Amino acid sequence: MPACPSCGTENPAGFRFCGACGTALAGDATETRKTVTVLFCDMVGSTALGERTDPEVLRGLMRRYHATCREILERHGGTVEKFVGDAAMAVFGIPRVHEDDPLRAVRAAVELRDAVAADGIQTRIGVNTGEVVTGRGETLVTGDAVNVAARLEQAARAGEILVGAATAELCGDALRTDPAEPLALKGKREPVPAFRVRELLVGVPAFARSTTTPFVGRADELAALTTALDAARRGIPQLATIVGPPGIGKSRLVRELLASSDARVVVGRCLSYGTGVTYWPLAEIVRQIGDVRAALGDAPDADLVAARVDAAIGTAGAATADDIAWGFRRLFETLARERPLIIVLDDIHWAEPTLLDLIEYVATFARDAALTIVCTARAELFERRGAWATPRPNALVLTLEPLGGADTAHLVEGLGALRAEQRARIVEAAEGNPLFVEQLVAMQREHGDDALAIPPTLQALLAARIDGLAPPERAVLERGAIEGRLFHRGAVQQLLPEPERPGIGAHLLTLVRKALVRPDQASLPGDDGYRFGHALIRDAAYDAMPKRQRADLHERFADWLERRLGDAAPPEIVGYHLEQAHRYRGELGAADASLGARAAEQLRRAAVAARLRGDVPATIGFFTRAVEALPAAAAGRPALLLDQGEALQEHADYAAAREVLERALREARDSGDAHVEWRARLAVATVRAYLEPDAWTAEAVADGRAAIAYAEEHGDHVVAVHAWRFIANHAGYAGRLAEEAAALDQALRHARAHGDRLLEVEVMRWHVPGILFGETSVEDGLRRTDELRRLIGDVPSAKGFVDHMTAHLLARIGEHDEARRIVTEWREHLRELGQILLHAITSYCAWDVANHAGDWAAGEPPLREAYALLESRGEKGSLCTTAAHLAQALLRQGRYEEAERFARISGEIGSRDDVFNELLWRSVLAETLAARGAGGDEATALAREAVALADGSGFFEYRAETRVALAAALGGGPEAARALDEAHDIYARKGNRIMQDRVARLRARSLAP
């Protein structure tokens, strides 16, 4: 095992960093992941050329060919990896990535092809862009992008350049192509697209910014620039520098300034690479001016000025840098005295020092001229030329910040018609960067409703910024990316190699100055917090690290966080980092079972915490990830599957819940885990009852009794709780509420014996429905719910359940507004927490409160929503009752045909053993038929059956409701009057004032002459 050069700790083979101190180890310490562009070039017909050419001549020809290839490829920024005979391979993006690497490679390919053609040599060239791993050794880059580039070259014809799809896209407006035949490559399921280079446009950037982009959010900056122009018009030359990261709106601000000015404007752009680029921007300006000597007119020293300018652009003579600076100052002063002159110099962070000296000289020494020099730059300028930001009377530095949310939204709206959710998604992702907005809008239009994709142009832009950092700065940025968008100085310091830790403060300051990160509120006490300037910057820094390094750093961060916070370390954070380390090790063929077990335990703890706060989607997510972190034979896996399945059930994802629970049952049985096996059997039976209402059979109840017998024999209180709850559910399903209450009492006894407070609370809350549906009066019910609320304490899920049952009782005594508020807030909370099943089932609660308030229209939408959801999930156990309540809501609104349809649906899909649903749909259908005038024998028979079912059950209030339906079906007479009197008495005993008064009015109408 290699020993760490700093601390001497031995590390496993293949580790890039020391596990003890983080120092880079020997070997592949320079390995990184990058998106690069690979170029393969091969000479066509070299064999035939060798046959007909003298060896000495051929050797000279090949020497010139190799020299030409190398010179052109390197001049455009490529690194030539190798020459093999007459074939060459070059990589653009090594050692440093540039945002225009694909365009550089294609420019080099075109120039190379044309240059060697002068010697009668034909080539075929392939260019491809993609992710590779780079490092020291014989192979400069490794990855599929290399293989595809080689195949593109092989598929090209003589004199042809083929490029891959990513290269073509990243070259954008500068490259025109024709589709070529896709390449069928071994190991790839789909053919690889290829494009034939038709034309390369000189001077066109890879992607052009829209000239019609709305101008938003820069009013103050525009005003400051306008003030500078006014000062220049008074003969005081001005230098204005607009600073900001790529895409922040520097060029857009300049365009807006120029649009409102009548000054003469000349523009020069600094290049990021090439030979002889020092005065390139000035050469562009001279071309716009035209004949310099003529433009100078009768100015003193006109001939000398013109000579100095010609020397700079290489058209004649020679001159020193000082002489050239003097010549341009005199040229600009002369032009600006005739008419206000604005000189725009773009991207001066790429300018050579000589050009920066010239700009400062002109701005400092120009006199009595309406001259304004407007420069755009990134913050990197100040790293090279710190004095540029020094305050001066005629110098203005504007630093552009991201647009605010409202301005970003306005910009998105101005770029085209998108749906509200699409606009919101782009506003969030762009984070105030106008270029990001433009690119994301374009990508959204192209991909429609797909998830928002990050355009390759932005990925290239950010990767180039990060790759241009000094190694220590990049190391800090990468370690910050391990923690996430928000990171802490202390974490980064611990993840850095020991020798690099003392310099962390200076490196962070540099990253802040470069607008890559910014100070932020720390979430850890006693530490400094930082936030990446944009989420995409974090992603680009993270993606640049090889997977082995990510794995090591994620594990070390988790270890550091546990040491730092102890028991207070958030399990969801620790679990995430261990999970990532485990995943990357697995992808590299070095899976670590112990690391997976650690990740699973932390994620399990996070799931339990999410379940306690009622966050069902988070619960599902954490349990699912915990299961995935463990191998199939791991000891704790069946229990995790059980928890995952129960959470899926709560989310109303019944098919998935059933599959996971059956898997838990199989794995528990195979591993001999009787505790999980019995719990899984009960859970599978419960889910089956939702999907197949007739599944509540004697066999299912026998399973519950068998589980109780096992629990009593082995002292397994948890299985006993779930088994008694299972028995209670079946009893409640059959309408035997007293038996249900007795079973729940047994469950509560075992929960207390187990000493699990939360399990005890969970059982206690299920006593509440019996209070509502049984013979307990409303007054006593309110007292009992108050008592339960005190016993439950501050357990949000249980307290909310008891509160909403209180709302049902309040609705029965006329406190409609309070009842509606409680139920509405509780159901919205359920929706927010992802408790889809409970939210759907509690549509009854919304209907019950609305029904008692006489606001029947308000009770219909929740039932409609629940019906659609449950039907889509294949659930029938609650769907049948929802259909019956929906029929009731429609009946109350006089929509009898619809009401009859849903009542009959309820009868068709419900189980005959579901006493509540059986009495409900019969009652509603009987009353509906009577209201339509089609009552007769069917309505009366249905109503009598409903009364018998209610009287034989514990659903006390429904004894009254079924009698009201019977009275309606009978249409009058002594039996109908007697039924209404009995209903009135039942409601009175319950204390349901609202329904008692409603029945009294019905009775009065029936007695009216």
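The rules behind each value
- Sequence order as written defines the numbering, with residues in each chain counted from 1.
- Where local features are concerned, this predicted model is filtered to residues with pLDDT of at least 70; where side-chain atom pairs are given and counted, the filter is 80 or more; whole-chain, interface and lining totals use all residues.
- Only hydrogens and water are set aside; all other atoms, that is, all heavy atoms of the structure, feed into the side-chain values.
- A cavity, in this analysis, means grid points on a 1 Å lattice covering only the protein atoms where a 1.4 Å probe fits yet has no way out; a pocket is instead an open set bounded by protein on both sides within 12 Å along at least five of seven lines, and a residue lines either one if it has an atom within 4 Å of a point.
- Grid points are joined across faces, edges and corners, and a volume is the space filled by probe spheres set on the points.
- Here a helix means four or more residues in a row that DSSP labels H or I, a strand means two or more in a row labelled E, and each is numbered from the N terminus.
- Under the scheme applied, nonpolar residues are Ala, Val, Leu, Ile, Met, Phe, Trp, Tyr, Cys and Pro; charged residues are Asp, Glu, Lys and Arg; polar residues are all the others, including Gly.
- A 1.4 Å probe rolled over the protein chains alone gives each residue an accessible area, and that area as a share of the maximum for its type sets the label: buried under 20%, exposed over 50%, partly exposed in between.
- The directions considered for the arc are those from the helix axis to the C-beta atoms.
- The contact criterion used throughout is that any non-hydrogen atoms of two residues lie within 4.5 Å.
- Axis definition: a line fitted to C-alpha atoms, limited for helices to the stretch in contact. Angles are taken between N-to-C directions and run from 0 to 180 degrees.
- Geometric relationships in this document are graded by angle, where less than 35 degrees denotes roughly parallel, more than 145 denotes roughly antiparallel, 65 to 115 denotes roughly perpendicular, and other angles denote oblique.
- When a carboxyl oxygen of Asp or Glu lies within 4 Å of a side-chain nitrogen of Lys or Arg, that pair is called a salt bridge.
- Any two strands with at least two DSSP bridges between them are considered paired.
- Side-chain atoms alone can form a polar contact between residues adjacent in sequence; in general such a contact is a pair of N or O atoms within 3.5 Å, and within protein one must be able to donate a hydrogen while the other accepts it.

## A look at empty space enclosed by the protein
Okay, step 1: If you walk through the whole model with that rule in mind, you get 7 cavities of 30 Å³ or more.
Okay, step 2: Taken as a whole, the largest cavity spans an internal volume of roughly 110 Å³.
Okay, step 3: In this structure, the largest cavity is lined by 14 residues; those nearest its centre are Arg812, Asp848, His852, Tyr958 and Glu961.
Okay, step 4: For the lining of the largest cavity, the secondary structure elements donating two or more residues are helix H38 (843-853), helix H40 (879-892) and helix H44 (956-970).
Okay, step 5: Here the residues of the lining of the largest cavity sort into 5 nonpolar, 5 polar and 4 charged.

## Quick look at helix H20 (residues 504-513)
Residues spaced three or four apart along an α-helix point in a common direction, a consequence of the helix completing one turn every 3.6 residues.
Okay, step 1: Turning to H20, its buried residues number three or more, namely Ile504, His507, Leu508, Thr510 and Leu511. The arc that holds every buried residue of H20, seen down its axis, measures 155°, which confines them to one face.
Okay, step 2: Lining the buried residues of H20 we find helix H13 (380-384), helix H18 (471-483), strand E14 (486-488), helix H19 (489-495), strand E15 (517-520) and strand E16 (529-532).
Okay, step 3: Taken from the residues just after H20, Ala515 is the one with a positive phi, measuring 60°.

## Remarks on the packing of H18 against helix H21 (residues 535-543)
Okay, step 1: Contact geometry of H18 with H21 gives a least axis separation of 8 Å together with a crossing angle of 110°. Of the possible angle classes, the one that applies to H18 and H21 is roughly perpendicular. Where H18 approaches H21, its residues Leu477, Glu478, Ala481 and Ile482 are matched on the opposing element by Arg538, Ala541 and Tyr542.
Okay, step 2: Looking at side-chain class alone, the contact of H18 with H21 contains 5 nonpolar, no polar and 2 charged residues.

## Considerations on the pattern of salt bridges
Okay, step 1: In this structure the tally under the stated criterion is 78 salt bridges.
Okay, step 2: Between Glu601 and Arg604 there is a salt bridge whose closest N-O contact spans 3.0 Å. With Glu601 and Arg604 both in helix H24 (residues 593-612), this residue pair falls 3 residues apart, about one helical turn.
Okay, step 3: Note on Glu601: relative accessible area 37%, which makes it partly exposed.

## Digging into the sheet that holds E15
Strands pair in a sheet through their backbones, by hydrogen bonds, and they do so in one of two ways: parallel or antiparallel.
Okay, step 1: Across the sheet, 3 strands lie side by side as E14-E16-E15; this open sheet has antiparallel pairing. Strands at the two margins of the open sheet, each flanked by one partner only, are E14 and E15. Averaged over all adjacent pairs, the angle separating strand axes in this sheet is 35°, with direction ignored.
Okay, step 2: The pairing of E14 with E16 spans 3 bridges and is antiparallel.

## Section: the environment of Glu160
Okay, step 1: Within the secondary structure layout, Glu160 lies in the loop between helix H4 (144-155) and strand E6 (161-164).
Okay, step 2: Engagement of the side chain of Glu160 in a polar contact is seen with the side chain of Arg196, the distance being 2.4 Å.

## As for the sheet that holds strand E12 (residues 371-377)
Okay, step 1: Taken in spatial order, the 5 strands make up an open sheet running E10-E11-E12-E9-E13, and their pairing is parallel. Only two strands of the sheet have a single partner each, and these edge strands are strand E10 (264-269) and strand E13 (395-399). Between one strand and the next, the sheet's axes are offset by a mean angle of 15°, whatever the strand orientation.
Okay, step 2: Bridge count between E10 and strand E11 (residues 341-346): 6 bridges; the pairing is parallel. Across the sheet, Val265 pairs through a bridge with Ile342, a residue of E11.
Okay, step 3: Sitting on the sheet, helix H7 (residues 250-259) is in contact with strand E9 (238-243), E10, E11 and E12, with an inclination near 160° to E12.
Okay, step 4: Packed onto the sheet, helix H11 (residues 321-338) meets E10, E11 and E12 and runs at close to 135° relative to E11.

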